[in-house]
Amino acid sequence: MDARIDKVVTSGKVTVDDNEYDVESNTYIVGDDDEVIVIDPANDAEAILKEIGEREVMAVICTDGRDHHLGAVLEIAEADEEEAAPIGVHSRDRLLWRQYFRALAKKEEDSEFKDLQPDIDIEDGGIFEIAGAQLEVMHTPGHTPGSICLYSEQLGVLFSGDTLHKGRPGRVGEEYHDLQEQLNSIGSLLGPLPKDTRVLPGQGDETTVGDEDSQWESWFALAQEPSSED
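What you see is a predicted model; the values in this text were computed from it and never measured.

Trainee: Run through the overall build of the protein, naming residues and quoting values.
Mentor: When you go through the protein residue by residue, the secondary structure sums to six helices and 14 strands. Computed over its C-alpha atoms, the radius of gyration of the protein comes to 17 Å, within 12% of the 17 Å expected for a compact globule of 230 residues. For the protein, the C-alpha atoms occupy an extent of roughly 50 × 45 × 30 Å along the three principal directions. Sorting the 230 residues of the protein into buried and exposed places 49% on the buried side. Taking the average location of the 18 positive side-chain charges in the protein and that of its 53 negative ones, the two points are 5 Å from each other.

Right under this line is the structure:
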């Protein structure tokens, strides 16, 4: 297996419930010297394309449909002018996708964005393959209805998107979309995985399954308290 993981950190803004927030996002480039899959191309396409270099982009995967994960997605997918790479988003986040690109069409006064659709409806249990590694799709609703994580047994890595950040359930902004559902997803996700599995989140530093699994019950208890957000 020749697959490796490169990481690009970019800064940008994300809008949640009409509120705009500054965010630093992690983009992961998985592959070898020839071909890659790009996970969550966020904010700054130029920085991501520089890391990709001359490698061919085989697919672009969005772990959710928030706008910071969509802002650079077309530029990355269309890096090869001859043949664009397919873009994958979970079917339950198509609404967020449509809202983003219809707003973009209005802002740019360019109708081609209005009816733009993802190429792949990602579903739970789906498999992406690159450079001898498999990326298994795990549907983890809560942060958004169509949030996903990607697990690679060969690489010993869980790409957790904004479902799970180091030390807490992931979020963008001040509040959770559906914390109870998100915690249920995290519990189901972490339990079966090896404790030494690296967790590479959509924001912040990496962690391990064991470190986060040990804290899950405390998050669940806090979620029962009406005044708590975390």
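We are not done yet, so read on.
Trainee: Which residues make up the pairing of strand β9 (residues 148-152), and what are the values?
Mentor: Most of β9 sits inside the fold, with five of its five residues counted as buried. Here four bridges tie strand β8 (residues 133-139) to β9, and the two strands are oriented antiparallel to one another. Paired with Glu-136 across the strands is Tyr-151, a residue of β9. Pairing geometry for β9 and strand β10 (residues 157-161), over three bridges, is antiparallel. Looking at β10, one finds that Ser-152 is bridged to Val-157. Here β9 folds back onto β10 in antiparallel fashion, the turn holding four residues, of which Gly-156 has a positive phi close to 65 degrees.

Trainee: So what about the layout of surface pockets? Which residues, and what values?
Mentor: By volume, the largest pocket is sized at about 920 Å³. Surrounding the largest pocket, 35 residues form its lining, Val-14, Thr-15, Val-16, Arg-66 and Asp-67 being those nearest its centre. Broken down by secondary-structure element, the contributors of at least two residues to the lining of the largest pocket are β1 (4-16), β2 (19-31) and α3 (94-108). The class makeup of the residues in the lining of the largest pocket is 11 nonpolar, 13 polar and 11 charged. In this structure, the second largest pocket spans a volume of roughly 150 Å³. What lines the second largest pocket is a set of 14 residues, among which Arg-55, Glu-56, Val-57, Ala-79 and Asp-80 lie closest to the centre. Of all the secondary-structure elements, those providing two or more residues to the lining of the second largest pocket are α1 (45-52), β4 (56-61) and α2 (73-77). Class assignment of the residues belonging to the lining of the second largest pocket gives a composition of eight nonpolar, one polar and five charged.

Trainee: Lay out the side chain of Thr-144 in plain terms, naming residues and giving numbers.
Mentor: Position of Thr-144 among the secondary structure elements: in the loop between β8 and β9. Taking relative accessible area as the criterion, Thr-144 reaches 1% and is therefore assigned buried. Beyond its immediate chain neighbours, meaning those up to four positions away, Thr-144 contacts Asp-64, Arg-66, Asp-93, Leu-96 and His-177.

Thresholds, definitions, all that
- Residues numbered from 1 in each chain as written.
- Predicted model: local features only at pLDDT ≥ 70, side-chain atom pairs only at ≥ 80, totals over all residues.
- Heavy atoms only, no water.
- Helix = DSSP H or I, 4+ residues; strand = E, 2+ residues; numbered from the N terminus.
- Rg over C-alpha atoms; globule rule 2.2 N^0.38 Å.
- Buried < 20%, exposed > 50% of the residue type's maximum accessible area, 1.4 Å probe, protein only.
- Lys, Arg positive; Asp, Glu negative; His and termini not counted.
- Charge placed at Lys NZ, Arg CZ, Asp CG, Glu CD.
- Pairing = 2+ DSSP bridges.
- 1 Å grid on protein atoms, 1.4 Å probe; cavity = no way out; pocket = protein on both sides within 12 Å on 5 of 7 lines; lining within 4 Å.
- Points joined across faces, edges and corners; volume = space filled by probe spheres on them.
- Nonpolar A, V, L, I, M, F, W, Y, C, P; charged D, E, K, R; others polar.
- Contact = heavy atoms within 4.5 Å.

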